[in-house]
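Analysis of the macromolecular model
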Amino acid sequence: MDNIVIVGNGQAGIQLVDSLRAEGYTGRITVIGEEAHFPYQRPPLSKDYMSEAKNPLPLPLRAEQFFAGNDVDSRLGVRVTAVDRERRTATLNNGSRLVYSKLVLATGAANRELSVPGSGLAGIHGLRTLSDAEAVHARLAAARSVVVIGAGFIGLEFAAAARQRGIDVTVLEFADRPMGRALSPAMSGYFAEAHERMGVKLRFGEGIASFEGRDGHVRAAVSTTGDAYPADLVLVGIGVTPRTELAAAAGLPVENGIIVDSALRTPDPDIFALGDCASYPSRHAGARTRLESVQNATDQARHLARSILGSSESYAGLPWFWSQQGPLKLQIAGLGQHADETVLRGDPASGKFSIFCYRNGELAAVESVNHPADHMAARRLLSQGRSLRQADAADPWFDFKTHSREVAVA
Ligand code: FAD
């Protein structure tokens, strides 16, 4: 009997349910999620959820009647502990066993944890799940000094939100600039200055060495330079690792993610993986890659629904991202990691501008601040595999929006 079993009910798992039904699949679907909560959106947890002092509510991924309305067997608060590929079964931690016709691993990622002296003290938190967010939000109410470890997206979103509530915030970052893995140096520099203006104290070139505590609760964070920063709450935002344990135990290849092909299929023809946990061959990266974004999870889920139902198309979704840090909405179209030239469009002092990132003379990514029109135009262009002359990018009179529309219909 047909039974598509989806392990993980986050952004990718839930979109897959939606897309399978939208594509006309009428067979059985079972979705397993180890968190007890109804599926919710993670992005607000480091943004609006933290900036509001009142008890915030999570945003659900779908309406409450979604599972019943789509005739889906949803199991909340249970974990898949093993996969038997011979028998085609998934075992749950409540002892039950499900037979699958297709198995989808949408297991996401887990926060990297610190292992420096004192990291077991109360008041030191990661932020991945709604339970994490509830615990951090509760501590924020009484916090006066917050230390954030890591100037990545989540750390800086949280820092901006805490500053909006008037809390003293220091960010320790081992590297020499914020969001260095994802942004051009110019855009990193702009955000470093913007955070300083918001009152966030950024300390670059300083990692975390240890924590000091009193009565089992954190009191200070000591950096690798020996400086101690008072803290009654510490947020650790040092990245994630993909949840590959089930795949690895089932003998599937894993290397910075569960290895899948361009149809998002593992070497086992009946097992697929997508979203934060999957490493796939990316046309846009020119290499195998693993992305952590809502776009990646949802576009891969839409693609996978078609793959499972027989399409042989390769996944080619254009990566795009967003982040909200105080008043700044950052949007990135494409992958600019190995860019060798940048072109500025607009005036950073106006708080609305874009940086065009080029690799070997070709447009690779566009980073925009408070400029959704540039972002959408960049998405249209890059998803067609098209570049833009640097002179046009820099020319304030060049109509980028109209140009991108003409390219899209051509
Ligand atoms: P997840 O959403 O993590 O879902 C995986 C689920 O699988 C989890 O609930 C997990 O508990 C469950 N699971 C794992 N193993 C098992 C098992 N064995 N059995 C049962 N269940 C299991 N992205 C953006 O693009 N923009 C943003 O602004 C943004 N902000 C973010 C803010 C925060 C605080 C966080 C944490 C993430 C943010 N992201 C953002 C990233 C985005 O949320 C993720 O990329 C996206 O959720 C990935 O979807 P996923 O389905 O692959 O994984």
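Thresholds applied
- Residues numbered from 1 in each chain as written.
- Predicted model: local features only at pLDDT ≥ 70, side-chain atom pairs only at ≥ 80, totals over all residues.
- Heavy atoms only, no water.
- Helix = DSSP H or I, 4+ residues; strand = E, 2+ residues; numbered from the N terminus.
- Buried < 20%, exposed > 50% of the residue type's maximum accessible area, 1.4 Å probe, protein only.
- Polar contact = N/O pair within 3.5 Å; in protein donor to acceptor, adjacent residues only side chain to side chain.
- Contact = heavy atoms within 4.5 Å.
- Expected span 1.5 Å × (residues − 1).
- Pairing = 2+ DSSP bridges.
- Axes fitted to C-alpha atoms, helices over the stretch in contact; angles between N-to-C directions.
- Domains from an automatic or database assignment.
- Salt bridge = Lys/Arg side-chain N within 4 Å of Asp/Glu carboxyl O.
- Nonpolar A, V, L, I, M, F, W, Y, C, P; charged D, E, K, R; others polar.
- 1 Å grid on protein atoms, 1.4 Å probe; cavity = no way out; pocket = protein on both sides within 12 Å on 5 of 7 lines; lining within 4 Å.
- Points joined across faces, edges and corners; volume = space filled by probe spheres on them.

On to the side chain of Ser-188. As for its placement among the helices and strands, Ser-188 is situated in helix α6 (residues 185–198). Residue Ser-188 is classed as buried on the basis of its relative accessible area, which comes to 1%. In terms of polar contacts, Ser-188 uses its side chain to reach the side chain of Arg-177, at 2.7 Å. Beyond its immediate chain neighbours, meaning those up to four positions away, Ser-188 contacts Arg-177, Pro-178, Met-179, Gly-180 and Leu-183.

For the rest of this paragraph, the subject is unusual backbone geometry. Of note in the backbone geometry, Leu-264 takes a positive phi value of approximately 70° without being a glycine. Relative to the elements of secondary structure, Leu-264 occurs in the loop between β18 (258–259) and β19 (271–273). On the basis of relative accessible area, Leu-264 is assigned to the buried category, the value being 0%. In this model, Asn-370 sits at a positive phi of 50°, which is unusual for a non-glycine residue. Mapped onto the elements of the fold, Asn-370 is located in the loop between β26 (362–369) and α9 (372–383).

End to end, α6 covers 20 Å across 14 residues, agreeing with the expected 20 Å (1.5 Å per residue, within 8%). Among the residues making up α6, those that are buried are Met-187, Ser-188, Tyr-190, Phe-191, Ala-192, Ala-194, His-195 and Met-198. Buried positions along α6 lie against α5 (153–164), β12 (201–204), β22 (320–325), β23 (328–334), β25 (352–359) and β26. Count one or two residues on from α6 and you reach Gly-199, which has phi positive near 100°.

Glancing now at the sheet that holds strand β24 (residues 341–347). The five strands are arranged β22-β23-β26-β25-β24 in an open sheet whose pairing can be described as antiparallel. Since the sheet does not close on itself, it has two edges, and those belong to β22 and β24, each with one partner. On average, each strand axis in the sheet is inclined to that of its neighbour by 15°, with strand direction left out of account. In the sheet, β22 pairs with β23 via six bridges, with the strands oriented antiparallel.

What follows is about the domain arrangement of the protein chain. Size of an interface: often given as the accessible area lost when the parts come together. When cut into domains, the protein chain gives domain 1 (3–49 + 58–110 + 241–308), domain 2 (113–238) and domain 3 (327–409). On the side of domain 2, twelve residues touch domain 1, which itself brings twelve residues to the contact. Seen at the junction of domain 1 and domain 2, the total is two salt bridges. Among the ionic pairs, Glu-157 bridges to Lys-47, the shortest N-O distance being 3.1 Å. Taken together, the links from domain 1 to domain 2 amount to eight residue pairs in polar contact (both at pLDDT 80 or more). Broken down by class, the residue content of the side of domain 1 that touches domain 2 amounts to five nonpolar, three polar and four charged.

Before going further, it helps to spend a moment on the layout of surface pockets. Here the second largest pocket defines a volume of roughly 240 Å³. Lining the second largest pocket we find Arg-283, His-284, Leu-318, Leu-335, Arg-359, Glu-362, Leu-363, Ala-364, Leu-382, Gly-385, Arg-386 and Ser-387. Top contributing element to the lining of the second largest pocket by residue count: β26, with three residues. Across the lining of the second largest pocket, the residue classes break down as five nonpolar, three polar and four charged.

Okay, the sheet that holds strand β3 (residues 73–76) next. Whenever strands of a sheet pair, they do so through backbone hydrogen bonds, lying parallel or antiparallel. Spatial ordering of the open sheet is given by β3-β2-β1-β7-β19, a layout of five strands whose pairing is parallel. This sheet does not close on itself; its edge strands, each paired only once, are β3 and β19. Pairs of neighbouring strands in the sheet enclose a mean axial angle of 15°, with direction left out of account. Both strand β1 (residues 3–7) and strand β7 (residues 102–105) contribute to a ladder of four bridges, which runs parallel. Within the sheet, the bridge partner assigned to Ile-6 lies in β7 and is Val-104. Relative to the sheet, helix α8 (residues 294–308) contacts β1, β7 and β19, its axis offset from that of β7 by approximately 165°.

Think of it this way: side chains of opposite charge can pair up when their charged atoms draw near. Evaluation of the coordinates by the stated rule reveals 18 salt bridges. The residue Asp-270 makes a salt bridge to Lys-102 at a minimum N-O spacing of 2.8 Å. Placement of Asp-270 in the loop between β18 and β19 and of Lys-102 in strand β7 is noted, with a sequence separation of 168 residues between them. Among the residues examined, Asp-270 registers a relative accessible area of 14% and is labelled buried. For Lys-102, a relative accessible area of 22% gives the class partly exposed. Taking the shortest distance from any N to any O, the salt bridge between Asp-374 and Arg-345 comes out at 4.0 Å. Here Asp-374 is found in helix α9, whereas its partner Arg-345 is found in strand β24, with 29 residues between them in sequence. Comparing Asp-374 with Arg-345 shows no difference in burial state: the two are buried.

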